[in-house]
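# Per-entry structural report
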Amino acid sequence: MLLQLFNGLSLSSILLLIALGLAITFGLMNVINMAHGEFIMIGAYMAYMIQQLFQKLLPQSVFGLYFVLALIVAFAVAFAVGWLLETTLIRYLYGRPLDSLLATWGVSLVLQRLARSIFGAPNVAVTAPSWLDGGLALSADLILPYKRLFIIALVIVCITSIYLYLYHTRGGRSMQAVMQNRGMVACLGISTRKVDAIGFAFGSGMAGIAGCALTLLGPIGPTIGTYYIVDAFMVVVLGGIGKIVGTVAGALGIGIFNTAFEYATSASLGKVIVFTLIIAFLQWKPSGLVTIKSRALD
């Protein structure tokens with residue numbers, strides 16, 4: 001039971017990590033970003049590139065430090081690409097959900113093709129640092145892998161960072177204000193375009209961190225993001241649009257229930273049951289687990 005509970009928590013942490021960026025770009029900014037998976041891909045390939053540089057240019061004794069640097073580089077590169085995408089395309093599509101869906105889907109295809117041209121179509125492997133090998137043995141039958149524990153810790157750090165940014169910085173409060181009443185914020189002298197660009201880029205950077213962390217779980221390729229984009233949207237929609245705490249609750253619910261049903265039935269049937277329960281729940285409560293209380297919405 002403890003092992004299954006840990007597996008559920010581990011799956012929840014992975015789902016939450018890939019959905020945090022989307023919780024900002026889709027949940028807070030109402031942009032249907034179908035290229036979110038490709039920002040995950042960018043983060044994964046940054047880890048691969050940093051690994052190659054460490055192997056070729058630095059001694060083996062410092063190889064274990066590459067992953068820490070890879071996390072920083074993945075966030076920075078995904079942030080920069082997200083900023084570029086927002087300033088050249090997304091800023092003209094606010095309030096046009098269908099157009100943003102089609103445009104970002106096209107961007108995702110372009111990024112996938114670009115990744116194939118640079119890195120090739122076959123998947124590539126990223127070697128985890130030695131300090132993440134093995135696991136924490138609580139008993140003979142209960143061993144918690146260090147890689148999974150590291151991802152859980154990384155999720156906690158990311159959630160804390162997002163909370164501090166949204167509620168304890170001028171930029172985060174400005175972003176929330178712009179999403180609630182763009183016209184009023186503009187009248188107060190705040191540059192809404194700059195806030196939009198930073199918000200979208202920050203969400204993209206979070207996706208980059210998620211991609212870097214996913215390299216610990218298996219090989220990566222140009223289509224790695226497409227495997228997770230549906231799960232990311234599912235977590236955000238189930239949790240409730242516009243609330244980070246809802247995203248956390250949605251990821252925990254999906255991860256734990258999915259693990260339980262897979263243990264009781266099979267992997268494919270367990271996913272079907274989870275999808276069915278989510279559809280039924282959204283029929284009863286379309287706004288998700290956590291809703292924004294506002295007279296404007298009423």
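Residues numbered from 1 in each chain as written. Predicted model: local features only at pLDDT ≥ 70, side-chain atom pairs only at ≥ 80, totals over all residues. Heavy atoms only, no water.

### Brief notes about the pattern of salt bridges
Taken as a whole and judged by the stated rule, the model has two salt bridges. The closest approach of N and O atoms between arginine 91 and glutamate 86, which form a salt bridge, is 3.8 Å. You can call arginine 91 partly exposed: its relative accessible area is 22%. (Salt bridge = Lys/Arg side-chain N within 4 Å of Asp/Glu carboxyl O. Buried < 20%, exposed > 50% of the residue type's maximum accessible area, 1.4 Å probe, protein only.)

### Notes on the packing of aromatic side chains
For the structure on display, the rule yields 16 aromatic pairs. Here the aromatic rings of phenylalanine 79 and tryptophan 83 are separated by 6.4 Å at their centres, their planes lie at 35 degrees, and the arrangement is tilted. Taken as a pair, phenylalanine 79 and tryptophan 83 lie in helix H3 (residues 66–88) at a separation of four residues, close to a single helical turn. The exposure class assigned to tryptophan 83 is partly exposed, which follows from its relative accessible area of 34%. Cluster of aromatic residues (ring-pair linked, three or more members): Phe54, Phe63, Tyr66, Phe67, Trp131 and Phe150. (Phe/Tyr/Trp six-rings, centres within 6.5 Å; stacked < 30°, edge-to-face > 60°. Helix = DSSP H or I, 4+ residues; strand = E, 2+ residues; numbered from the N terminus.)

### Section: the side chain of serine 108
Inspection of the secondary structure puts serine 108 in helix H4 (residues 97–119). Once you skip the residues sitting within four places of it in the chain, serine 108 turns out to touch Met34, Ala35 and Glu38. (Contact = heavy atoms within 4.5 Å.)

### Overview of the packing of helix H10 (residues 244–264) against helix H11 (residues 267–284)
Close contact between H10 and H11 brings their axes to 8 Å; oriented N to C, the two are set at 135 degrees. The angle between H10 and H11 falls in the class oblique. Where H10 crosses over H11, the two elements pack in a sense that is right-handed. Along the contact surface, H10 presents Ile254, Phe257, Asn258, Phe261 and Glu262, while H11 presents Ala267, Gly270, Lys271, Ile273, Val274, Leu277 and Ile278. Grouping the constituent residues of the contact of H10 with H11 by class yields eight nonpolar, two polar and two charged. (Axes fitted to C-alpha atoms, helices over the stretch in contact; angles between N-to-C directions. Parallel < 35°, antiparallel > 145°, perpendicular 65-115°, else oblique. Left-handed = near helix turned anticlockwise from the far one by under 90°. Nonpolar A, V, L, I, M, F, W, Y, C, P; charged D, E, K, R; others polar.)

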